[in-house]
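The residues making up each chain are set out below.
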Amino acid sequence: MSQVQPDMREALPGPGAVRPALGPERADIAFEVNGAAISVNVPPLRRLSLVLRDELLLTGTKVGCDAGDCGACTVLVDGDPVCACLMPAASVAGASVTTVEGLANGRLSALQASFLAHGAAQCGICTPALLVAATALLDKQPRPTEAEVQDALGGILCRCTGYRKIIAAVMDASLQAASLDFRLPQSGHAIGSSPIRLDGVPKVTGAEKFGGDSFPADALAVLVVRSPHYHASFAFGDLNGWAKAHPGIAGVFTAADIPGKNCFGAIGPFADQPALAEGFSRLRGEAVALVAGEREAILDLDLSDFPIRWSELPHFLQPAEAQAEGAALMHDNRPANLLTSGLVERGDPEAALADAAVTVSGAIDTSYVEHAYIEPEAGYAYLDGDTLVVVACTQAPYMDRDETAKVLGLAVDKVRIVPTATGGGFGSKLDVSLQPLIGLVALKTGRPAALAYTRTESMISTTKRHPAVMKATIGADADGLVTGMIFSGDFNTGAYASWGPTVANRVPVHASGPYATPNYRAEGRAIHTHGPISGAFRGFGVPQATIMQETLYDELAGKLGMDRLDFRLKNCLRNGSETVTGQRLDSGVGIAECLESLRPHWVRATADADAFNSANRDRKRGVGVASCWYGCGNTSLPNPSTILVGIAADGTVILHQGAVDIGQGSNTVITQICADALGLPLEKFQLKSADTAITPDAGKTSASRQTFVTGKAAEKAGRALREKILRFANVSGNAALQLDGQAIVIREGEATRRIDLASLDVDAEGFIFRAQETYDPPTLPLDAKGQGKPYAVYGFGAQIAELEVDLKLGTVKLIKITAAHDVGKAINPLLVEGQIEGGIAQGIGMALMEEYIPGRTENLHDYLIPTIGDVPPIETILIEVPDPEGPFGAKGLGEHVLIPTAPAILNAIRHATGVLITKVPATPTRIRAGIREKDGIREKEARR
């Protein structure tokens, strides 16, 4: 991986250097780090995590919460794992500390190699802590059991992997030879193979640089003053006087300092969010001012005396309140606080339901869900001549560039976005966060400006999954064929638009599930409240709608007396089917294959549940199934990606790959696609990763589009470059290419030709041969009734959940999840499995525990996400029904894998208890209340 921005923290003063007289008194503290004796001069109570990162530049130790909740800062102190964020520097005096950087000496340890071989590192932000803690375990128990691994790693949170590959990597570490020699596939064999991630080694050594890992030594630190109220007006006092009274403060900046248009948004026509609020705030956590100063001054700054006066105003947090008669408007141009709505209508659903042999109706409410990536937002900005450079974690560098330029009144070509490694995103890092804030400070002061959100700051100010209030009715004929469906959903989009329009328009397209539904009406509405901003989160509203539809499908099957799996197979889309938008799917429809592959697992699981339930009274087993489909890419909108690939004079293949890899593996997958299209081996490729100054726009990392859309652009670029080389050599398309030093060797039959690259002219970017190709999926607009072709490619999947419910406590124990997903073509099967397992883990959280409550669950202690002990064994079944539009037949996957999990779990809970939980998540309290209510109804009926 090429490093486009040098690590400017190399200029940080070392131990014993002269420092400004700011902050608390210091002391010399001597200890050992990774086998070397060191001494630092720091305040004795400074967190060990900060000492390691800021004084010793050991940034492999990550900071995710500063509260001991996430475990990302785990290091070894005298051989025992500890959270470095909770340990004062004085406590390690005379001790021996080991960080991830000390696990190997020039070669990977067996454990690090095992993590790579198993695909146990995705985004990589939690990987160092897991490696350190697992090293301590393996030192004591070289061949641990799964229970021992779970116990040793239970305090470290991972949001990407689903933990299963981590467990396997630790258990198999003793079998893995420590090595850096991982062979890459040869020409024409990259597709379908599972080489280690091309960006994997830095993730396991601690060398990977995330948003907060490379702040310049002279950077001003930035604090954000935020609203403590859901809705309030405010006025500032003497800001200049306050700043002068606090040594080390360089300035205070407000909306009055913003030189451009103080408004940004993910979707241009709906942009409505100020970078800094002006006069009043619409949500708790909204940014109103920036304080910039020397790092030491900011570390110890108390903002309790900051000169701002708040006047709290009435607020509403629920869509029903926001739409009540007389409710104040949050935005003057949005009557009834309605941001927008989406509609899909086909046939006559009312008549179909009236004529149906069987109908079912229901209502489901879902909660806010926090993305909870382990890396809070972080980055820095500096001026390079007259160009503002922002180095930060992101999912959408070109969108960041455009919105930052607009806010700061700069020409687009005077803003450069350099994405760092991103420690999880899942949709929230699509939105602009700190980019214009640190950019403003850099512009106003002329100095670099750095900002890393605290965990609470990240949770209160960034986007969430939309809470939904949904209802639906579905009908079927006597043969079990669905005849009609009506769905409506109100989605709480919070104070600002973000991706609310996408949710409102995507949900109606997908709310039918992957089933033929000839008569249909679905409406999605995004409604403003003073709650957290709701945005993109792995599925854009489809997971919520699928809970509604799939739970009703179980009920419908029950009324029809049909097996739940058979009912889905009878109604699922197939080649030649028309969707609810009238789109004919001629080929590539793999949902039937997914469901059929689950049949033996379904038969076994239901038999196991029946046997268990007949022998147990207080605990019952349940089995649930649910399906999904998901359109890859933007809905009926342009969605292009561009890839540039060329061959340099030294025989290196340079791939300008602008698709941000947030853990899903695009750096590897897109290179695999390009390699086979070009006909050269992966080992010859060098990546130039996302950077708006050097890589073409590959679009945002969202909507399960990168493998499909950017992958297709990479396939086109690879084929185009191959064609140029073959034409230059005057050979046919059957010729084989080989790189031999500074020469291209072309073989066709018995003939061999050699192109001496050093003898040819290079272009301005150092290429001898180059190709740049763009791909934009062919879609059509939706008409007033939502009819059209919203997506070129759909992915499909189905999952079975097996679980056990304690009827007295309401607790759920997951036993196994079986997941069948149609990926078209598994470009990298290991990465596909990792995506499936990670998505399922997030689906488990959504179903059973995750409920963000503003003002109450604003940290990773009170907000619960699945731990290593919460994810059961997962069996993955890869279905490959190629889509002719996808690269080598591949389809997107990232969002699909989460969608069926929660409804499968809810259906399994109902199978076990007879109770459908209609407020998600299904917490023990809600399950127990449902059981009590059901038992009470039965008692009343018995007394009658």
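Just above sits the structure.
Residues numbered from 1 in each chain as written. Predicted model: local features only at pLDDT ≥ 70, side-chain atom pairs only at ≥ 80, totals over all residues. Heavy atoms only, no water.

Enquirer: How would you explain the overall build of the protein if you had to name every residue and give the values?
Expert: When helices and strands are counted, the protein shows 22 helices and 35 strands. For 944 residues, the compact-globule formula gives about 30 Å, and the C-alpha radius of gyration of the protein, at 28 Å, lands near that figure. Principal-axis analysis of the C-alpha atoms places the extent of the protein at approximately 85 × 85 × 60 Å. Out of the 944 residues belonging to the protein, those deemed buried represent 62%. Roughly 32,700 Å² of accessible area belongs to the protein as shown, and the carbon and sulfur atoms make up 50% of that amount. Taken as two groups, the 85 positive and 106 negative side-chain charges of the protein have centres that lie 3 Å from each other. (Helix = DSSP H or I, 4+ residues; strand = E, 2+ residues; numbered from the N terminus. Rg over C-alpha atoms; globule rule 2.2 N^0.38 Å. Buried < 20%, exposed > 50% of the residue type's maximum accessible area, 1.4 Å probe, protein only. Areas by Shrake-Rupley, 256 points an atom, 1.4 Å probe, with all protein chains shown as cover. Lys, Arg positive; Asp, Glu negative; His and termini not counted. Charge placed at Lys NZ, Arg CZ, Asp CG, Glu CD.)

Enquirer: With reference to specific residues and values, describe the sheet that holds strand β32 (residues 767-775).
Expert: Hydrogen bonds between backbone atoms are what pair the strands of a sheet, whose relative direction is either parallel or antiparallel. Pairing is mixed across the open sheet formed by four strands, whose spatial order is β28-β27-β26-β32. At either margin of the open sheet sits one strand with a lone partner, and together these are β28 (685-689) and β32. For this sheet, the mean inter-axis angle between neighbouring strands, taken without regard to orientation, is 20°. Each of β26 (641-648), β27 (653-657) and β28 touches helix α18 (residues 666-678); the most contacted strand, β28, lies at about 135° to it. Its contacts with the sheet put helix α19 (residues 706-729) on β26, β27 and β32, and the angle it makes with β32 is roughly 145°. (Pairing = 2+ DSSP bridges. Axes fitted to C-alpha atoms, helices over the stretch in contact; angles between N-to-C directions. Contact = heavy atoms within 4.5 Å.)

Enquirer: Can you explain the nonpolar core? Please cite residues and give values.
Expert: Among the nonpolar cores identified, the biggest contains 155 residues, and Phe115, Leu153, Val170, Phe487 and Ile905 are the most heavily contacted of them. Among the elements that line this core, the one with the most residues is helix α3 (residues 127-140), at nine residues. When sequence neighbours within four positions are dropped, the list of residues in contact with phenylalanine 115 reads Ala120, Ala121, Thr127, Leu130, Leu131, Ile166, Ala169, Val170 and Val204. In this structure, Leu655, Ala698, Phe708 and Leu739 belong to the second largest nonpolar core, which totals 47 residues. (Core = buried A, V, L, I, M, F, W, Y, C linked by side-chain atoms within 4.5 Å.)

Enquirer: A description of the packing of aromatic side chains should follow, citing residues and the corresponding values.
Expert: Considering all chains together, one arrives at 15 aromatic pairs under this definition. When the ring of phenylalanine 234 is compared with that of phenylalanine 236, the centres are 5.4 Å apart and the planes differ by 65°; the resulting orientation is edge-to-face. Taking relative accessible area as the criterion, phenylalanine 234 reaches 10% and is therefore assigned buried. Looking at phenylalanine 236, the relative accessible area reads 25%, which means it is partly exposed. (Phe/Tyr/Trp six-rings, centres within 6.5 Å; stacked < 30°, edge-to-face > 60°.)

Enquirer: Can you break down the side chain of glutamine 657 residue by residue, with the values?
Expert: As for its position among the elements, glutamine 657 is in strand β27. Not counting the four nearest positions on each side in its chain, glutamine 657 is found in contact with Ile643, Ser666, Asn667, Ile670, Leu687, Lys688, Ser689, Ala690, Thr695 and Thr710.

Enquirer: Now, about the packing of helix α11 (residues 397-408) against helix α12 (residues 435-445): what can you tell me, with residues and values included?
Expert: For any two helices packed against each other, one specifies the crossing angle of their axes together with the interaxial distance. In the contact formed by α11 and α12, the axes pass within 9 Å of each other and the chain directions differ by 50°. One way to sum up the angle between α11 and α12 is to call them oblique. The two elements α11 and α12 meet at a crossing, and its hand is right-handed. When α11 is examined against α12, the residues Asp400, Thr404, Val407 and Leu408 are found in contact with a partner set consisting of Gln435, Pro436, Gly439, Leu440 and Leu443. Of the residues contributing to the contact of α11 with α12, the split by class is five nonpolar, three polar and one charged. (Parallel < 35°, antiparallel > 145°, perpendicular 65-115°, else oblique. Left-handed = near helix turned anticlockwise from the far one by under 90°. Nonpolar A, V, L, I, M, F, W, Y, C, P; charged D, E, K, R; others polar.)

Enquirer: Explain the sheet that holds strand β2 (residues 36-42) to me, and be specific about the residues and the numbers.
Expert: Pairing is mixed across the open sheet formed by five strands, whose spatial order is β2-β1-β5-β3-β4. Each having just a single partner strand, β2 and β4 (80-83) make up the two edges of the open sheet. Direction aside, the axes of adjacent strands within the sheet are offset by 40° on average. One ladder, built from seven bridges, connects strand β1 (residues 27-33) with β2; its direction is antiparallel. When the sheet's bridge partners are listed, aspartate 28 is paired in β2 with asparagine 41.

Enquirer: How would you sum up the environment of alanine 245? Please name residues and give values.
Expert: Positionally, alanine 245 belongs in the loop between α7 (239-244) and β8 (249-253). A sequence separation of 484 residues divides alanine 245 from alanine 729, and the C-alpha atoms of the two residues are 73 Å apart.

Enquirer: Report on the side chain of threonine 642, specifying residues and quantitative values.
Expert: Along the chain, threonine 642 turns up in strand β26. A polar side-chain atom of threonine 642 sits 2.7 Å from a polar atom in the side chain of threonine 774. In this structure threonine 642 touches Pro696, Asp697, Ala698, Gln772, Glu773 and Thr774, once residues within four positions along its chain are discounted. (Polar contact = N/O pair within 3.5 Å; in protein donor to acceptor, adjacent residues only side chain to side chain.)

Enquirer: With reference to specific residues and values, describe the environment of leucine 687.
Expert: Within the element layout of this structure, leucine 687 appears in strand β28. Classification of leucine 687 as buried rests on a relative accessible area of 4%. In this structure, the C-alpha to C-alpha distance between leucine 687 and leucine 198, residues 489 residues apart in sequence, is 8.9 Å.

Enquirer: Give a detailed account of the environment of alanine 289, specifying residues and quantitative values.
Expert: With respect to the secondary-structure elements, alanine 289 resides in strand β10 (residues 287-293). The class of alanine 289 is buried, set by a relative accessible area of 0%. A sequence separation of 62 residues divides alanine 289 from serine 227, and the C-alpha atoms of the two residues are 9.6 Å apart. Leaving out residues up to four positions away in the same chain, alanine 289 has contacts with Leu223, Val224, Val225, Phe236, Phe253, Thr254, Leu276 and Phe306.

Enquirer: An account of helix α20 (residues 829-848) is needed here, citing residue identities and associated values.
Expert: End to end, α20 covers 29 Å across 20 residues, agreeing with the expected 28 Å (1.5 Å per residue, within 8%). The buried fraction of α20 is high, at 18 of 20 residues. (Expected span 1.5 Å × (residues − 1).)

Enquirer: For the pairing of strand β3 (residues 74-77), give the residues involved together with the corresponding values.
Expert: Burial along β3 is two-sided: Thr74 and Leu76 facing one way and Val75 and Val77 facing the other are all buried. In this sheet, β4 lies alongside β3 in antiparallel orientation, the contact comprising four bridges. Directly across from threonine 74, in β4, lies its bridge partner cysteine 83. As consecutive antiparallel partners, β3 and β4 are separated by two residues, and within that stretch aspartate 78 has a phi angle of approximately 50°, a positive value. Pairing analysis gives two bridges linking β3 to strand β5 (residues 96-98), with the strands arranged antiparallel. Bridging from a neighbouring strand, valine 77 pairs with valine 97 of β5.

Enquirer: Break down unusual backbone geometry for me, with residues and values.
Expert: For the bond running from valine 920 to proline 921, omega is 15°, close enough to zero to count as cis. Unlike most non-glycine residues, aspartate 78 shows phi in positive territory, near 50°. With respect to the helices and strands, the residue aspartate 78 is situated in the loop between β3 and β4. One non-glycine residue, alanine 336, adopts positive backbone phi at about 60°. Summarising the element assignment, alanine 336 is placed in the loop between α9 (319-322) and β12 (338-346).

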